[in-house]
Amino acid sequence: MHDQAQTEARCTIHVDGQPLEATPGEPLIACLERHRIDLPHLCYHPQLGPLETCDTCWVKTGDGLARGCTLQAEEGLAIELAPREADDARHEGIDRVIARHELYCSVCENNNGNCEVHNTVRDMRVPGQRYPYEAKPYAKDTSHPFYTYDPDQCILCGRCVEACQNLEVNETLTIDWERDHPRVLWDGGEVADQSSCVSCGQCVTVCPCNALMENDMLGRAGPLTAMPWDIKRPLTNAIKGVEPTTGFGPIFTLSELDSTQRHADIQRTKTVCTYCGVGCSFEMWTRGREILKVQPTEHGPANGVKTCIKGKFGWDFVNSDKRLTRPLIREGDRFREADWDEALDLVARRLGEVRDAHGPDALAFVASSKCTNEESYLTQKLARAVIGTNNVDNCSRYCQNPATTGLFRTVGYGGDSGSISDLEMADVVLMVGTNTAENHPVIASSLKRAQKHHGQQHIVADVRRHEMAERADLFLQPRNSTDLVWLCAVTRYLIDNGYADREFIDAHVHGFEEYRRSLEPFTVTYAAEITRLSEASIIEAAERIGRAERVCGVWAMGVTQHTYGSDTSTAISNLLLVTGNYGRPGTGGYPMRGHNNVQGASDFGSLCNIFPGYQSVEDPEAREHWRRGWGVDWLPEKAGFNNHSMINAVSEGKLKAMYIIGEESALVDANANHVRENFGRLDFMVVQDIFFSRTAEYADVVLPAAPSVEKEGTFVNTERRIQRLYQVMEPLGDARPDWAILADLGRRLGHPWHYAHPSEIMDEVARLTPLFAGVSYERLEGWKSLQWPVAADGTDTPRLYEDLEFHFDDGMARFHPLEWRDSPERIDDEYDLHLNNGRVLEHFHEGNLTGAGRINDKLSEVFVEVSPELARERGVETGSRVRLASRRGEIELNVLVTERVTGHGLYVPLHTREGNVNRLTGDHADVAVETPAYKEIAVKMDVLQVDGPSPLPRNNHRNGQRIPIHDIGVERKWARSDYHRPPQASTDPERF
Amino acid sequence: MAQAIKSDRVPAGALGGKTAPDAHDELARLIDNLHRRQIFRLLNDALESLPETSRLIAGELESEGGVRGGANLFVLLRTLGRVPPEDLQRWLDAAARGISAASREEAREAYPAPGVLGVKDLLHDEALWHSLSPLLEGLKAFTGELQAAADSSPGPAEGSRPDPEEGADLPPRRAGSGRDPQEQEESPHRE
Ligand code: SF4
Ligand code: SF4
Ligand code: SF4
Ligand code: FES
């Protein structure tokens, strides 16, 4: 059956009379490439499609000449590349390209073997300059902190515009085809830095030449590129003078030598982004520790050529002079340097002493979701098998556990049901409490593209009008903490109006009748009253969902960080079950995982109640399995303290020692004042981090660890995709990879942890964990990835529940009845404002990483967003200084007046220590899994000063004005009277 | 109760580290390359087996020209150390052809100065240009050889088209995709 389907999907095309096998619909260029037939192409890019600007790809068809990039394989397609007119047309095209682009390759930053202009001219054997090159009447745009645009080198291929408009969908770039000298524009103007550009770098990544270059490459790429232009220019002129006589040949020989030398000099290493859960992978180009650029390729399984500002440009922290590079030991009121032996011996001795004096449960471990899977595994193994406690947790407690709980209750696996490709395929995407465009930017791009070009509908529910809300087909702005109510009302409406998929429910889901009864209170009228949404909007949401063939639910911290976050997550999953939206392409539930490896940290066991692969620590069989696997006498039987309850356990005297890895607990845990007080009460505390964090201030021993680029390992992204990261550079100073520190400590505590490489740790996990049975470093080689569960033979699972077998013993999903309760954090006359908080695009969390570099040029300060209504009411304006006080503490901030918030709602980003919002958050937490209810804060606002400078720099993208266009508008170029279709000679080749 | 210790009480030596190579690192790298590519062994063998020569070489190395020559040699060796042997073979073959072309008497005579195309304007020196012409002829042959050697799979898109007015006499061109062959074939991660 499968074979037959494959045969049916083939066709034959003819190229210069030669039959070639092809897949119907396959782009001609890709097909020819597969058959190793070169057809020149410059503007075409597999992820952007045909742009039809470069005119180098002409082929002859039955209807005359056609641009090869526009053709797709189909039975009967016959083209010719060889005829003279096609060849002439291609050469006319490339001659025009080099009339716009000066070939000074040996002094060019892009001569690294992948300059497509250079390579095309070389491969087409262009003998020399036919049309003279002419400079443009524009200066280089060097305004942007991360990239430079050089109009003199721009071939107007339009790739950058297409990437910005339709891949990233930020809609900053356009080309003004009508100008005398067309050029790329930012928000219609000529200054990149003062535009809506979000610095995703995708335009730079896809530019085929040096017209858009990363600033870090400038002057640093090759042996001759460091020369200043006042030397490069005469040299280039001299060479250009010789060139008409010699042709391009000898000059290209020199530049090929130069490029070969650079190839040896610049390392290109595949790694995975250290920031968010999208899991973008890319090559990092380095010379020693110098990071020259981040270059995503079309092979990245989650992102292709996409990135956001953090993944593309957010690496200054790696070489920060604030990096910890020596172990530190507390001595009186200061720290002193120590060597590893002394520090680790001390840690081993003190951990042993605390255990002997107070028992193993007096110790607790916090794993990091920035660390690798292998490191998460070793952390929990250290806690369980070496110390003997289940007091181990990771920061998914702060964010993700309620979402996982919602999925555990209903469908079984605590992970996204499908892949990013499923999100792209959906007809309707329901986004609840997710600021996707800022927190998962690359996934947001996929969704924005599906909406812009494929008719996908977006229903966005959020208390704040962020970018996804602005772009939504339907935007719901409910009162805070009431999502459960309208979700249940929508579900009830769907059932009442015949939109429930009864066949699916009867065959695959338990508990429908009880669930249906639980929905009785949730009429549309009741929901409108509680949520303050209009009845019509609730009905419209339901109708859109009910009528759609494929629906995905996407949610994030706006759902989970509430007292009833697990319940709201469950409500989303219930809704998807009612409408049969699981197991098919383009359907499913997608909690957006925050950190790069927050999924993996839990998957690999750093949770207080589960072993790796989600086996309960309270299950005797699982315990026996792991006891034998680890070769220890016993394992603790009861679930341990979680991140949040650990702090209370310290204050109650139950916890005496903590070992905290890569977690800024002193800032990120709710009620920060209380947390810090309790750190001071510990008998012994170890902090393992790459920076001297606020948490480290309380430590007895501080151990310098290595960031992702200084070690090997694997991460799991939000799609359950396991990807390998390779070591880009050696650890800085005496820092060590976390896995190596933990393994060393394990040995000092008497266990035979002789792991020589993280792959050996992964082999152990695969041997002991059915969920990862077939995972190995060989299967993850290079760009390869595996989405769990992975069977022993290596078969992975891009989409869960495809066979409609849910992850319960009987294979049936479950409805989980719910009731609504309001948040315990009351808005009253004194604390009369609701404070929301979260990340911003430019920074990650508390800014430890992103705050260490040039991203600060775009945004450094934390501010409080105030609605225009409230600003009027309180007499504040952008730049005013205010004090926000909650029932726990207070902070002072500058005001930014914006329509992103409404009424009495405020928003504070997280990215600095000074404006730390966790001085305001409280102890109230999700009732099921104790995730702090960070999003439920009642505050009052006092005005300290009215006038002041705006906290938002002028060059921040939020001040820009996007210019959305559907495509790059090449027809406007063709419509010019001075455009002559090749092979006709051009009259003004230097213009476009 | 443990008090917080602020970062100003952390010894400076425990923070930051060397993030860029200094001259010593570069020298160490050069020595390492020379060693890994067996260049040192070659030199040592030569020095050991030929005491007479080594005395001569040692004397020469002391001279000013020797020092300069040594520096140049190091640069050359360092570059050669990174060139894959098959490429070197191609270059050497091509260079041999280039040298023979450059030494042909007719190259000296027949090569016209570029005149109208600007080089003359640039150089203002007919004689200098004449002395350069064999080198250019050599470079042309070198390049032609290099491209011929690289051209192992002729694509179907070959065609002919008038050369630009004063273009050089190059092998027939073929359509090219402009892709980086090294990039396509290389594994994406580092070995
Ligand atoms: S947003 Fe900025 S960096 Fe991203 S593609 Fe557009 S112009 Fe380029
Ligand atoms: S700047 Fe844009 S239009 Fe210009 S060459 Fe680069 S990708 Fe093409
Ligand atoms: S932060 Fe997220 S979206 Fe941005 S590059 Fe990294 S993984 Fe991709
Ligand atoms: S690749 Fe076809 S026109 Fe550019």
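Given the structure is predicted, the values throughout are model-derived calculations rather than measurements.

(A) Up close: the overall build of chain A. Broken down by element type, chain A carries 33 helices and 37 strands. Viewed in the frame of its principal axes, chain A has a C-alpha envelope of about 85 × 70 × 70 Å. Counting over 992 residues, chain A shows a buried share of 68%. Residue pairs in contact within chain A that sit at least 24 positions apart in sequence constitute 74% of those at least 6 positions apart. Carbon and sulfur atoms make up 47% of the accessible area of chain A, which amounts to about 31300 Å² in all. Positive and negative charge centroids in chain A, built from 106 and 148 side chains respectively, lie 2 Å apart.

(B) Representation of the site of ligand 1. Surrounding ligand 1, one finds Tyr147, Cys164, Asn170, Leu173, Trp186, Cys197, Val198, Ser199, Cys200, Gly201 and Cys203 of chain A. Considered class by class, the residues forming the shell around ligand 1 number 8 nonpolar, 3 polar and no charged.

(C) Representation of the packing of aromatic side chains. Residue and element names in this part refer to chain A. In this structure the tally under the stated criterion is 31 aromatic pairs over all chains. Plain terms: the ring middles of Phe604 and Phe772 are 4.4 Å apart, the flat faces sit at 15° to each other, and that makes the pair stacked. Within this pair, whereas Phe604 is found in the loop between α25 (598–603) and β23 (610–611), its partner Phe772 is found in the loop between α31 (758–768) and β30 (785–787), the two being separated by 168 residues in sequence. Comparing Phe604 with Phe772, the two get one shared label, buried. Here Arg183 stacks its cationic end above the ring of Tyr138, 5.0 Å away from the centre of that ring. Its end group placed over the ring of Tyr907, Arg464 keeps NZ or CZ at 3.6 Å from the ring centre.

(D) Structural view of a negative patch on the surface. Side chains of Glu760, Asp763, Glu778 and Glu781 of chain A sit close together on the surface and give a patch of like negative charge. Tracing the chain through its elements places Glu778 of chain A in the loop between α31 and β30.

(E) Just the sheet that holds strand β29 (residues 721–725) of chain A, in detail. Residue and element names in this part refer to chain A. One open sheet accounts for 3 strands, arranged β28-β29-β30; its pairing is antiparallel. Looking at which strands have only one partner, the edges of the open sheet turn out to be β28 (713–716) and β30. Between one strand axis and the next, the sheet turns through 30° on average, direction left out of account. Pairing of β29 with β30 involves 3 bridges; the strand directions are antiparallel. Among the inter-strand pairings, Gln723 is bridged to a residue of β30, identified as Ser785. In the packing of helix α11 (residues 373–387) onto the sheet, the strands contacted are β28 and β29, and the crossing angle to β28 comes to about 90°.

(F) Fine view of the side chain of Asn401 of chain A. All names here are of chain A. As for its placement among the helices and strands, Asn401 is situated in helix α13 (residues 401–410). You can call Asn401 buried: its relative accessible area is 8%. Among all residues touching Asn401, those that are not within four sequence positions of it are Ser396, Leu607, Val929 and Thr931.

(G) The pattern of salt bridges, seen in detail. Here the structure, examined in full by the defined rule, presents 92 salt bridges over all chains. Here Arg471 of chain A makes a salt bridge to Glu467 of chain A, at a shortest N to O gap of 2.8 Å. Of this pair, Arg471 of chain A and Glu467 of chain A both sit in helix α17 (residues 467–471), 4 residues apart, which is roughly one turn of the helix. Here Lys6 of chain B ties to Glu697 of chain A by a salt bridge, and the two come within 3.2 Å at their closest N and O atoms. Of this pair, Lys6 of chain B sits in the segment before α1 (23–36) while Glu697 of chain A sits in the loop between β26 (684–689) and β27 (701–704), placing the two residues on different chains. Classification of Lys6 of chain B as partly exposed rests on a relative accessible area of 41%. By sharing partners, the salt bridges in this structure join Asp216, Arg220, Asp265, Arg287, Glu290, Asp316 and Arg854 of chain A together with Glu26 and Arg29 of chain B into a single network.

(H) Local environment of the site of ligand 3. Lining the immediate surroundings of ligand 3 are Cys273, Tyr275, Cys276, Val278, Gly279, Cys280, Cys308, Lys310, Gly311, Pro441 and Val442 of chain A. When contributions to the shell around ligand 3 are tallied by element, the ones reaching two or more residues are α9 (309–313) and α16 (441–454) of chain A.

(I) Just the sheet that holds strand β12 (residues 290–295) of chain A, in detail. All names here are of chain A. Taken in spatial order, the 3 strands make up an open sheet running β10-β11-β12, and their pairing is antiparallel. In this open sheet, the two strands that pair with only one neighbour each are β10 (267–272) and β12. Within the sheet, the average angular offset between the axes of one strand and its neighbour, ignoring direction, is 30°. Across 6 bridges, β10 lies against strand β11 (residues 281–287) in antiparallel orientation.

(J) Focus on the UniProt feature "domain: 4Fe-4S His(Cys)3-ligated-type" (unreviewed entry) in chain A. Mapped onto this numbering, the UniProt entry annotates "domain: 4Fe-4S His(Cys)3-ligated-type" (unreviewed entry) at residues 85–125 of chain A. Along residues 85–125 of chain A one finds 59% helix and 0% strand; the C-alpha atoms at either end are 17 Å apart.

(K) Expanded view of unusual backbone geometry. All names here are of chain A. Put simply, Trp788 and Pro789 share a cis peptide bond, and its omega is 0°. Geometrically, the link from Pro982 to Pro983 is a cis peptide bond, its omega value of 10° lying close to zero. In this fold, Pro983 is placed in the segment after α33 (970–974). Not every positive phi belongs to a glycine, and Arg36 is a case in point at roughly 55°. Counting through the fold element by element, Arg36 comes out in the loop between α2 (28–34) and β3 (58–61). Phi is positive for Ser481, which is not a glycine, with a value near 65°. Tracing the chain through its elements places Ser481 in the loop between β19 (474–476) and α18 (483–496).

(L) Structural detail: the pairing of strand β4 (residues 64–67) of chain A. All names here are of chain A. Pairing analysis gives 4 bridges linking β3 to β4, with the strands arranged antiparallel. The residue of β4 that forms the bridge with Thr61 is Gly64. Hairpin connection of β3 to β4: 2 residues between the antiparallel strands.

Quick notes on the rules
- Residues numbered from 1 in each chain as written.
- Chains lettered and ligands numbered in written order.
- Predicted model: local features only at pLDDT ≥ 70, side-chain atom pairs only at ≥ 80, totals over all residues.
- Heavy atoms only, no water.
- Helix = DSSP H or I, 4+ residues; strand = E, 2+ residues; numbered from the N terminus.
- Buried < 20%, exposed > 50% of the residue type's maximum accessible area, 1.4 Å probe, protein only.
- Contact = heavy atoms within 4.5 Å.
- Areas by Shrake-Rupley, 256 points an atom, 1.4 Å probe, with all protein chains shown as cover.
- Lys, Arg positive; Asp, Glu negative; His and termini not counted.
- Charge placed at Lys NZ, Arg CZ, Asp CG, Glu CD.
- Near = heavy atom within 4 Å.
- Nonpolar A, V, L, I, M, F, W, Y, C, P; charged D, E, K, R; others polar.
- Phe/Tyr/Trp six-rings, centres within 6.5 Å; stacked < 30°, edge-to-face > 60°.
- Lys NZ or Arg CZ within 6 Å of the ring centre and 35° of its normal.
- Patch = residues over 30% accessible without salt bridge, like charges linked within 9 Å, V, L, I, M, F, W, Y side chains within 5 Å.
- Salt bridge = Lys/Arg side-chain N within 4 Å of Asp/Glu carboxyl O.
- Pairing = 2+ DSSP bridges.
- Axes fitted to C-alpha atoms, helices over the stretch in contact; angles between N-to-C directions.
- UniProt positions renumbered as here; feature names shortened; annotations may be inferred.

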